[in-house]
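Next come the chains, spelled out residue by residue.
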Amino acid sequence: MAHAVRERLKVHQTLHGYAEGHRLLADSASLSAKDMRTLLTMSDISGPGTRIDQSGYLTGYPLAESGVYALARTWAAPEMPRPGCVWTHTLLIDFADLATLASLGELDVLFRRPELPGYGNYTKPLSVENAQVARALTGDELKWSRKLLSALYGKPRERVIAARLEDVDADASVLAVWSQQWPRLRRGFRFCTMAAADRSSEGNVFDLQLFHPKDRGSKARFQKAVDANSVTGVEPLWIEEATSDLANPDVFGLRSFLHAAGSDIDFGRAAFGSLCRVHRCLKEAPSSANAFRTSIDILTAEFSPNQARAARMAVTKLAVLHAEALDEIAIDFILRNLGLVDMDTVKSGALRLGRAIWKNSPDQLVALRMMDGSSQVVAENTLAALNLQEIIEGLERAPALAPVLLQCRQELACQVGFWAIPGLDIAKVFAELRSDGDKARQVIGAIMLAGRVDSAGRCISRWGARSVLEVCIEQVVSGAVLSATLNAWVMDAAWDSMAVAEVLSSGRPLPWEILVMLGRVIEADKVPNEIGDDPWVVAIHNATGQMPSDAQTFFCAYLLCRALGNRSRTPGELARFGFEPTYRAAECNSLPDDSWRALEPRLPWSMFWFERDRCPRLRAAVVDLFTDRYLAPEIFVGLVESDELFLQLVEMAGQSWKGREYLEMVCSVAKNDSAPPFGYRFNKVKRFLDKR
């Protein structure tokens, strides 16, 4: 037993008997006057006509003023001259020592009946060895004691009586029942194992009194008392628990549990059955969530919050380790009593408990972070260990917690499911982000995949338009984000023309789809080109995949529009890519209206051309581009695939002095470069000039 320490305890004693009246004959300790009077009364015979056998009977009661418990054995004294005289040897056990005794039956061996002519030595204290194992009851003793248990604890507010049985050691049985009690209950327990009448007095009610089975009138002298032999009905389950402990003292831990759990309970026998039920539940609890709940219901309904702290601790300690199977009421009980549990147990069960709390109430778990001690340990350990999907599922029910969770779990920001949670306070969430570099791109990608177009501006402000555009490129390659969503992101990022220029000129492979998206949302002259090749030219050379068929005409017209502007340092390259497809579209009247509206202000105008005749104006614009800026002849001769269209351009150039001068320059290049595929066109230009 947890409370059984093998040591010798000092026990004081008194002897009472006849000497010209019943009086104190010897003692080893001084008590208060009131307690001495109680001793004198209780040491006298227990009632007129009491039948006392050779072994005598036991009486037990507390002497509160002196802080001792009186356990007495009374024998008949027929050798004395006066009838009805008795000898009573009383042991006085300090309340503190009474709590440590595993078996109160050990006290029984200290009783000594005096023998005349001398009384013997009763003036010195005795000592008793604290046995480690209490005496086990068997057979009829166990059956009879079961009835005592049922009456004492089934009717805790009543006085209990019972007839002694001839074949049962009643004294040993009562001592066993008494030994089972916790210290506070022990020291208040009053009993007598042979009483001819009720020995109770005002304020000193006896819990248990036995009477002689052949004394027919004795039972009538105990008015309103409960007869243990008459208690009937279905026995509650706790009876089995208590009876099993009498047969196997503390083998299953009941006695140790009662010893600890009863320390702060002040309503006596009424708590015994409840504590037995709690102990029974604790044995079943590891494999039964219902047992946990039952024990919690008992402690909550039958004890005040400041009582049964040890029982609450035992239930909480075990529940912490099995919290995943418990409901909200059980979890609430654990949290209210978590401070009773040792920190090692809290740490061992923190994740189980925390997961259960998170499942039932995410707000509650987060609130525990603000508390001290065990509650904070549970919260911190759990929030650090929950997998990301568990966190997201909890946040779906409590989105306001998202900023708090990000403080300790930054990796949440890389999860698509996190950003897809309805009701997120985006401003507060962004305030908690600590991501940069590659991690920032992961966060942007997750936000895109979640369809959070509303967060594009925040991402651009936080990490820059270039990072956002680079993530857009990654998403186009993966095909994970819908084009409509990407378009919105690209549109927001394209406001930073410098970032667009950096992306286009980076030299990395760029999907045609992203180039088309950029072309649709940024003006042709917006992208800067202060040094080197035009960013669009670099991007075209590194483009991957297939250009969307429905965007080819638009994009070529866009590049031609840029070529005809003043921003590009390599307009010839842009014209070589965009002119001919645009021209063919205009030729067959399939050029989109928005493309023509962008181009038209950049084209020359002549009163001799009809407004609907777009082709001459396009040819004139391109010729002016090359001749005004003296662009490389090599680009001019390879500007278009069609020889016919090429000659039309040459002819238009020859119509002006400036154009003929440019053609002369083209011819001069022919001497040094006539390489395929368009090298032969230098000769065509020369022949054209010769004819002029």
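Note that the structure is predicted; figures quoted are calculated from it, not measured.

Participant: Help me understand the overall build of the protein chain, please; the structure alone is not making it clear to me.
Facilitator: Along its length, the protein chain carries 33 helices and 12 strands. Viewed in the frame of its principal axes, the protein chain has a C-alpha envelope of about 170 × 45 × 35 Å. Per-residue burial for the protein chain yields a buried fraction of 53% across its 692 residues. For the protein chain, the share of sequence-separated contacts (at least 6 apart) that also reach a separation of at least 24 residues comes to 69%. As displayed, the protein chain has an accessible area near 31100 Å², and 50% of this comes from carbon and sulfur atoms. Placing the 79 positive and 85 negative side-chain charges of the protein chain at their respective mean positions leaves the two points 4 Å apart.

Participant: It is not clear to me how the pattern of salt bridges should be interpreted in this structure. Could you clarify?
Facilitator: Pairing is possible between side chains of opposite charge, provided their charged atoms come close. Applying the stated rule across the entire model yields 37 salt bridges. Between Glu240 and Arg146 there is a salt bridge, with its nearest N and O atoms 3.0 Å apart. Here the residue Glu240 occupies a position in helix H6 (residues 237-247), and Arg146 occupies one in helix H3 (residues 139-154), the gap between them amounting to 94 residues. With relative accessibility at 39%, the residue Glu240 sits in the partly exposed group. Across the salt bridge formed by Asp327 and Arg293, the nearest N and O atoms sit 2.4 Å from each other. Of this pair, Asp327 sits in the loop between helix H10 (309-320) and helix H11 (328-337) while Arg293 sits in helix H9 (residues 289-302), and the two are 34 residues apart along the sequence.

Participant: Before we go on, may I ask you to explain unusual backbone geometry in this structure?
Facilitator: Glycine aside, residues mostly have negative phi, and peptide bonds are mostly found in the trans state. Positive phi, normally seen in glycine, also occurs at Lys224, with a value near 60°. Residue placement: Lys224 occurs in the loop between strand E9 (208-211) and strand E10 (226-227). The exposure class assigned to Lys224 is exposed, which follows from its relative accessible area of 77%. In the Ramachandran plot, Tyr630 falls in the positive-phi region, its phi being about 50° despite a non-glycine side chain. Position of Tyr630 relative to the elements: it lies in the loop between helix H29 (614-629) and helix H30 (633-637).

Participant: Before we go on, may I ask you to explain H10 in this structure?
Facilitator: Owing to its 3.6 residues per turn, the α-helix aligns residues three or four sequence positions apart on the same side. Given a rise of 1.5 Å per residue, 12 residues ought to cover 16 Å, and the 16 Å separating the end C-alpha atoms of H10 matches this to within 8%. Of the positions making up H10, those classed as buried are Ala310, Ala311, Arg312, Val315, Thr316, Ala319 and Val320. Turning to H10, the residues buried within the fold contact helix H7 (254-261), helix H8 (272-284), H9, H11 and helix H12 (343-360).

Participant: Just checking my understanding: could you explain the pairing of strand E3 (residues 57-63) for this structure?
Facilitator: A regular strand places its side chains so that they alternate between the two faces of the sheet. For E3, the tally of buried residues reaches 7 of 7 residues, placing the bulk of the element in the interior. Here E3 shows no split at all, with Tyr57, Thr59, Tyr61 and Leu63 on one side and Leu58, Gly60 and Pro62 on the other all buried. By the bridge criterion, 7 bridges tie E3 to strand E4 (residues 68-76) in an arrangement that is antiparallel. Bridge pairing links Thr59 to Ala72 in E4. Between E3 and E4, which pair antiparallel one after the other, the connecting turn spans 4 residues, and Gly67 there sits at a positive phi close to 70°.

Participant: Before we go on, may I ask you to explain the packing of aromatic side chains in this structure?
Facilitator: Describing an aromatic ring pair means giving the distance of the ring centres and the angle of the ring planes. Overall, the coordinates contain 23 aromatic pairs when judged by the stated rule. Taking 5.6 Å as the distance between ring centres and 55° as the angle between the ring planes, the aromatic pair formed by Trp419 and Phe430 counts as tilted. Placement of the pair is Trp419 in helix H17 (residues 416-419) and Phe430 in helix H18 (residues 426-431), with a sequence separation of 11 residues. For the pair Trp419 and Phe430, a shared accessibility class is recorded, and that class is buried. Put simply, the rings of Trp512, Trp536, Phe554, Phe555, Tyr558 and Phe577 touch in pairs and so form one group of aromatic residues.

Participant: It is not clear to me how the packing of helix H21 (residues 465-478) against helix H24 (residues 512-521) should be interpreted in this structure. Could you clarify?
Facilitator: Between two packed helices, both the angle of their axes relative to each other and the distance between the axes serve to describe the pair. Where H21 meets H24, the axes come as close as 9 Å, and the angle between the chain directions of the two elements is 135°. On the basis of their axis angle, the class for H21 and H24 is oblique. Handedness of the crossing formed by H21 with H24: right-handed. Each of Leu469, Cys472, Ile473 and Val476 in H21 lies in contact with H24, whose residues at this interface are Glu513, Ile514 and Leu518.

Participant: Is there a simple way to explain the side chain of Gln475 in this structure?
Facilitator: As for its position among the elements, Gln475 is in helix H21. Among the residues examined, Gln475 registers a relative accessible area of 9% and is labelled buried. Setting aside chain neighbours within four positions, we find Gln475 in contact with Gly445, Met448, Leu449, Ala480, Val481 and Leu486.

Participant: I would appreciate a short explanation of the environment of Leu39 in the present structure.
Facilitator: Mapped onto the elements, Leu39 comes out in helix H1 (residues 33-43). Assessed through its relative accessible area of 0%, Leu39 is described here as buried. With residues up to four places along the chain from it excluded, the contact list for Leu39 reads Thr14, His16, Leu31, Tyr61, Leu63, Ala70, Thr90 and Leu92.

Participant: Got a minute to help me understand helix H33 (residues 681-691) in this structure?
Facilitator: Arg681, Phe682, Val685, Phe688 and Leu689 are the residues of H33 that are buried. Down the axis of H33, the smallest arc covering the buried residues is 120°, so these residues share one side. In H33, those exposed residues whose orientation departs by more than 90 degrees from the buried face are Asp690 and Lys691.

Participant: Would you explain the environment of His22 in this entry?
Facilitator: Note that His22 resides in strand E2 (residues 22-27). Distance from His22 to Leu40, taken between C-alpha atoms, is 7.8 Å for residues 18 residues apart in sequence. Apart from the residues lying within four places of it in its own chain, the contact partners of His22 are His16, Gly17, Leu40, Ser43, Asp44 and Val86. Looking at His22, its side chain comes within polar contact range of the side chain of Ser43, at 2.9 Å. Among the polar contacts made by the side chain of His22, one reaches the main-chain amide nitrogen of Asp44 at a distance of 3.4 Å.

Participant: Could you clarify how one ought to interpret the confidence of the model for the protein chain in this entry?
Facilitator: Interpretation of the predicted coordinates at a detailed level should be avoided for regions scoring low in pLDDT. Taken over all residues, the pLDDT of the protein chain has a mean of 91, while the share at 70 or more is 96%. Residue range residues 1-5 is modelled with pLDDT below 50. Its contacts to residues more than four positions away, or to other chains, number 17 contacts.

Participant: What is the right way to look at the state of the cysteines in this model?
Facilitator: Each disulfide is one covalent bond, formed between the sulfur atoms of two cysteines. Across all of its chains, the model carries 0 disulfides by this definition. Cysteine Cys281 shares no disulfide, and the gap to the nearest cysteine sulfur, in Cys276, comes to 11 Å. Cysteine Cys408 shares no disulfide, and the gap to the nearest cysteine sulfur, in Cys414, comes to 15 Å.

Definitions and limits used
Residues numbered from 1 in each chain as written. Predicted model: local features only at pLDDT ≥ 70, side-chain atom pairs only at ≥ 80, totals over all residues. Heavy atoms only, no water. Helix = DSSP H or I, 4+ residues; strand = E, 2+ residues; numbered from the N terminus. Buried < 20%, exposed > 50% of the residue type's maximum accessible area, 1.4 Å probe, protein only. Contact = heavy atoms within 4.5 Å. Areas by Shrake-Rupley, 256 points an atom, 1.4 Å probe, with all protein chains shown as cover. Lys, Arg positive; Asp, Glu negative; His and termini not counted. Charge placed at Lys NZ, Arg CZ, Asp CG, Glu CD. Salt bridge = Lys/Arg side-chain N within 4 Å of Asp/Glu carboxyl O. Expected span 1.5 Å × (residues − 1). Pairing = 2+ DSSP bridges. Phe/Tyr/Trp six-rings, centres within 6.5 Å; stacked < 30°, edge-to-face > 60°. Axes fitted to C-alpha atoms, helices over the stretch in contact; angles between N-to-C directions. Parallel < 35°, antiparallel > 145°, perpendicular 65-115°, else oblique. Left-handed = near helix turned anticlockwise from the far one by under 90°. Arc of directions from axis to C-beta. Polar contact = N/O pair within 3.5 Å; in protein donor to acceptor, adjacent residues only side chain to side chain. pLDDT = per-residue confidence, 0-100. Disulfide = S-S within 2.5 Å.

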